[in-house]
Amino acid sequence: MYTPVLWSDDTKMIPDSQPVDYAAGTGETAADYPTLDEKIEQAVSVTRSALESYENPAMMWTGGKDSTLMVYFVREVADVFGYETPPAIFLDHFQHFPDLIEFVERWADEWDIDLVRASNEDLGRYVEEHDLEPGDDIEIAELSEHNQHHVRDLLEYEEDTFPFLLDTYVGNHLLKTVALNDALEKLDIEAVFSGIRWDEQDARADETFFSPRHDPEVYPPHDRAHPILQFDERAVWDAFWHYVVPETVDGFPDEGYVPQSYDDLPNGLTHEDVPISPKYFEGFRSLGSEVSTKKSESEPAWLQDLDNTTERAGRAQDKEDLMERLRDLGYM
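Residues numbered from 1 in each chain as written. Predicted model: local features only at pLDDT ≥ 70, side-chain atom pairs only at ≥ 80, totals over all residues. Heavy atoms only, no water.

1. Remarks on helix α2 (residues 65-81)
The condition that has to hold: For helices the rule is a DSSP run of H or I covering at least 4 residues; for strands it is a run of E covering at least 2, with both sets numbered from the N terminus onward. For a helix, the expected span equals 1.5 Å multiplied by the number of residues minus one. For the exposure calls, accessible area comes from a 1.4 Å probe over protein chains only, and a residue counts as buried if that area is under 20% of its type's maximum, exposed if over 50%, partly exposed in between. Throughout, a residue-residue contact means that at least one pair of heavy atoms, one from each residue, lies within 4.5 Å.
Taking 1.5 Å per residue as the helical rise, α2 with its 17 residues ought to reach 24 Å, and the 24 Å between its terminal C-alpha atoms agrees with that figure. Burial within α2 is extensive, with twelve of its 17 residues counted as buried. Within α2, the full set of buried residues consists of Lys-65, Asp-66, Ser-67, Thr-68, Leu-69, Met-70, Val-71, Tyr-72, Phe-73, Val-74, Val-77 and Ala-78. On the buried face of α2, the contacting elements are α1 (36-53), β1 (57-60), α3 (98-110), β6 (191-193), α7 (233-248) and α8 (278-282). Of the residues flanking the end of α2, it is Gly-82, one or two places downstream, whose phi is positive at about 80 degrees.

2. Some points on the layout of surface pockets
Gaps between atoms show up when a probe of the same size as a water molecule is rolled over them. We count it as follows: Residues are said to line a cavity or pocket when one of their atoms sits within 4 Å of a point; the points come from a 1 Å grid over protein atoms alone, cavities being sets where a 1.4 Å probe fits but cannot get out and pockets being open sets with protein on both sides within 12 Å along at least five of seven lines. Grid points are joined across faces, edges and corners, and a volume is the space filled by probe spheres set on the points. For this classification, the nonpolar set comprises Ala, Val, Leu, Ile, Met, Phe, Trp, Tyr, Cys and Pro, the charged set comprises Asp, Glu, Lys and Arg, and every other residue, Gly included, is treated as polar.
There is about 350 Å³ of room inside the largest pocket. Around the largest pocket sit 19 residues that line it, and Ser-119, Glu-121, Asp-182, Ala-183 and Lys-186 are the ones nearest its centre. Mapped onto the lining of the largest pocket, the elements with two or more residues apiece are β3 (115-118), α4 (121-129), α5 (145-154) and α6 (169-187). Of all the elements, α6 adds the most residues to the lining of the largest pocket, at six residues. Split by residue class, the lining of the largest pocket holds seven nonpolar, five polar and seven charged.

3. Topic: the packing of α1 against α7
Angle between the axes and distance between the axes are the two parameters that describe a pair of packed helices. Filter applied, for reference: The axes are straight lines fitted to the C-alpha atoms, using for helices just the contacting stretch, and the angles between their N-to-C directions are given from 0 to 180°. Oblique is the label for every angle not falling under 35 degrees (roughly parallel), over 145 degrees (roughly antiparallel), or within 65 to 115 degrees (roughly perpendicular).
Viewed as axis vectors pointing N to C, α1 and α7 meet at an angle of 85 degrees, and their least axial separation amounts to 11 Å. One way to sum up the angle between α1 and α7 is to call them roughly perpendicular. Along its contact with α1, which presents Leu-36, Asp-37, Lys-39 and Ile-40, the element α7 presents Ala-235, Asp-238, Ala-239 and Tyr-243. Grouping the constituent residues of the contact of α1 with α7 by class yields five nonpolar, no polar and three charged.

4. Quick look at the confidence of the model for the protein
Where we set the bar: Confidence scores labelled pLDDT are given residue by residue by the predictor and lie between 0 and 100.
Taken as a whole, the protein shows an average pLDDT of 90; of its residues, 89% reach a score of 70 or greater. Segment residues 2-17: pLDDT under 50, and 37 contacts once partners within four positions in sequence are set aside and those in other chains are kept.

What follows is the structure in structure tokens.
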């Protein structure tokens, strides 16, 4: 379990000579990659560079559209250029939509990806022992020293309790960021592929394609690789329906096809046949916890007004307002 400390000089760190360009993407937006082909070419370039540069990378896979698209690129590039496909880390925060877990497990098996399920085990034990429901209070004094250190020293949170909710300051940090940091340390991961995008959230608008996370007082030193920064929401769906699904699903039209309703899949295919969570068919545009994520509309996500409405409007806004601070502590 990772407790931030000052590492000694002989502790393994990210090499200074790591051949990636941390400035790549500075000042850019999705508009700098105006066509889908240009966005895909950049995704392949970033992915290949990362696979060449890091000996022990991993992928962050939530089951959402962005991380699934990132996983697709990493898997394809690894296969074409002869690299090992990195393992995928799935953070179990105990408040997932059950079918989202099933989706990740099914496609990890289908794509032959080593799936690592990580969680804050101490917090999970507390939740189970006290039979908590989302929103119930958690007594900080009853948690491990490791978790208390994060709450008191890093978050500087002074209350005696916090609610068992993912999309809050303390809840998000303990359930996701601490779980991730512990997994990175345990697996000795030196770089993480993440499916974030510039246009998705203001706190991510200044990210670069390769981003260092080297402060040992906050997280295990590692890099982040962002292959799909340059995609916007529309391009993500275009990539799925015209590239990802036709190339990975037997029986799907080679030229692509965009479903016009929940059940509109061609040639007798079902939702289980395509690497897209059924939640998007139901009308969700962004997936968080089962407790705090709402549908945007009733029609599938890709048919909604993506240009004039907010992608993450269905997510709890407490976390959205705290995103910059959470990212400073290691959140994606």
